[in-house]
Amino acid sequence: MFSFRKTYDNFFKEVFERYSQMIFSYILEKVGDRVDALDIAQEVFVHLWKYRKSIKQDGKDRGLIIKACRQEIYKFYKSGYQQMRTQTISLENTESTLIDCSVEELEYKIEKEERLEQLYAALELIPARRKEIFLKNKLEGKTRKEIAVEMKMSGSAIGNQIDKAMQFLIGKLRR
């Protein structure tokens, strides 16, 4: 539990000392790139600082932090995907990146980017409402019940939409 409830002066220090390794490890496991993980972790700390007054001492700090991590990972990929769609690649920048990477690392990055492109392309084929439900559950970490209340739908309808989206994506990505 956080011990900074009465004063926020030590908030950042305590959160950083207690959770920085967990936050970084969790994000690195999800994104696979150390530099990206550091960027996202920084955003998680900004997020936690921004919402520090609403954090309660109820023993659910880890869940709150994981949820913040998921949200920042989602924002990172969403903004990166938007930039990737609108950005043109210059040969000069590509050459400097190629020199810095080993062949295996480069192949891994290319494969990862291709898989992400396939995933985003498949996501675009899902009906808008189903996609919204799926992203809220998988990327924002919201439970089916939370989504059902938010979207004024039954829990089983939410579950069906998530299941259909998963089946569709698995089918598209296996090809």
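Placed above this text is the structure.
All values derive from a computational prediction rather than experimental measurement.

1. Let's talk about the packing of helix H7 (residues 144-151) against helix H8 (residues 155-174)
For step 1, the next point in the chain: H8 packs onto H7 with a crossing angle of 110° between their chain directions and a minimal axis gap of 8 Å. In terms of orientation, H7 and H8 fall into the roughly perpendicular class. In terms of crossing hand, the pair formed by H7 and H8 is right-handed. Residues Arg-144, Ile-147 and Ala-148 of H7 pack against Gly-155, Ile-158, Gly-159, Ile-162 and Asp-163 of H8.
For step 2, the next point in the chain: Considered class by class, the residues forming the contact of H7 with H8 number 4 nonpolar, 2 polar and 2 charged.

2. Overview of the layout of surface pockets
For step 1, the next point in the chain: By volume, the second largest pocket is sized at about 960 Å³.
For step 2, the next point in the chain: Taken together, 27 residues make up the lining of the second largest pocket; nearest its centre are Tyr-77, Leu-116, Leu-119, Tyr-120 and Leu-139.
For step 3, the next point in the chain: If you tally residues by element for the lining of the second largest pocket, the top one is helix H5 (residues 103-125), at 8 residues.
For step 4, the next point in the chain: Of the residues assigned to the lining of the second largest pocket, the class counts are 18 nonpolar, 1 polar and 8 charged.

3. Some thoughts on the pattern of salt bridges
Two side chains bearing opposite charge may form a pair once their charged atoms approach each other closely.
For step 1, the next point in the chain: Enumeration over the complete set of coordinates arrives at 8 salt bridges.
For step 2, the next point in the chain: A salt bridge links Glu-124 to Lys-131; its shortest N-O distance comes to 3.4 Å.
For step 3, the next point in the chain: For Glu-124, a relative accessible area of 42% translates into the label partly exposed.
For step 4, the next point in the chain: A single salt-bridge network, built from bridges that share partners, covers Glu-132, Lys-136, Glu-140, Lys-142 and Glu-150.

The rules we used
Sequence positions are assigned chain by chain, starting from 1 and proceeding in written order. Side-chain atom pairs in this predicted model are given and counted only at pLDDT of 80 or more, local residue features only at pLDDT of at least 70, and totals for whole chains, interfaces and linings cover all residues. Calculation of side-chain values draws on the structure's entire complement of heavy atoms; hydrogens and water are dropped beforehand. Axis geometry follows a simple rule: fit a line to the C-alpha atoms, using only the stretch in contact for helices, then measure angles between N-to-C directions, giving values from 0 to 180 degrees. We count a stretch as a helix when DSSP gives it H or I for four or more residues in a row; a strand needs E for two or more, and each element gets its number in order from the N terminus. Should an angle fall under 35 degrees it is taken as roughly parallel, and over 145 as roughly antiparallel, whereas 65 to 115 is taken as roughly perpendicular and any remaining angle as oblique. By the definition used in this description, the sense in which the near helix is turned from the far one sets the handedness, with an anticlockwise turn below a right angle giving left-handed and a clockwise turn giving right-handed. Pairs of residues are marked as contacts when any of their non-hydrogen atoms sit within 4.5 Å. Classification used: nonpolar for Ala, Val, Leu, Ile, Met, Phe, Trp, Tyr, Cys and Pro, charged for Asp, Glu, Lys and Arg, polar for all others including Gly. The distinction between a cavity and a pocket rests on a 1 Å grid over the protein atoms alone: a 1.4 Å probe fits inside a cavity but cannot get out, while a pocket stays open yet meets protein on both sides within 12 Å along at least five of seven lines, and a residue with an atom within 4 Å of a point counts as lining. Grid points are joined across faces, edges and corners, and a volume is the space filled by probe spheres set on the points. Put simply, a salt bridge is a Lys or Arg side-chain nitrogen that is within 4 Å of an Asp or Glu carboxyl oxygen. The classification of residues rests on relative accessible area computed with a 1.4 Å probe and restricted to protein chains. Under 20% of the type maximum is buried, over 50% is exposed, and intermediate values are partly exposed.

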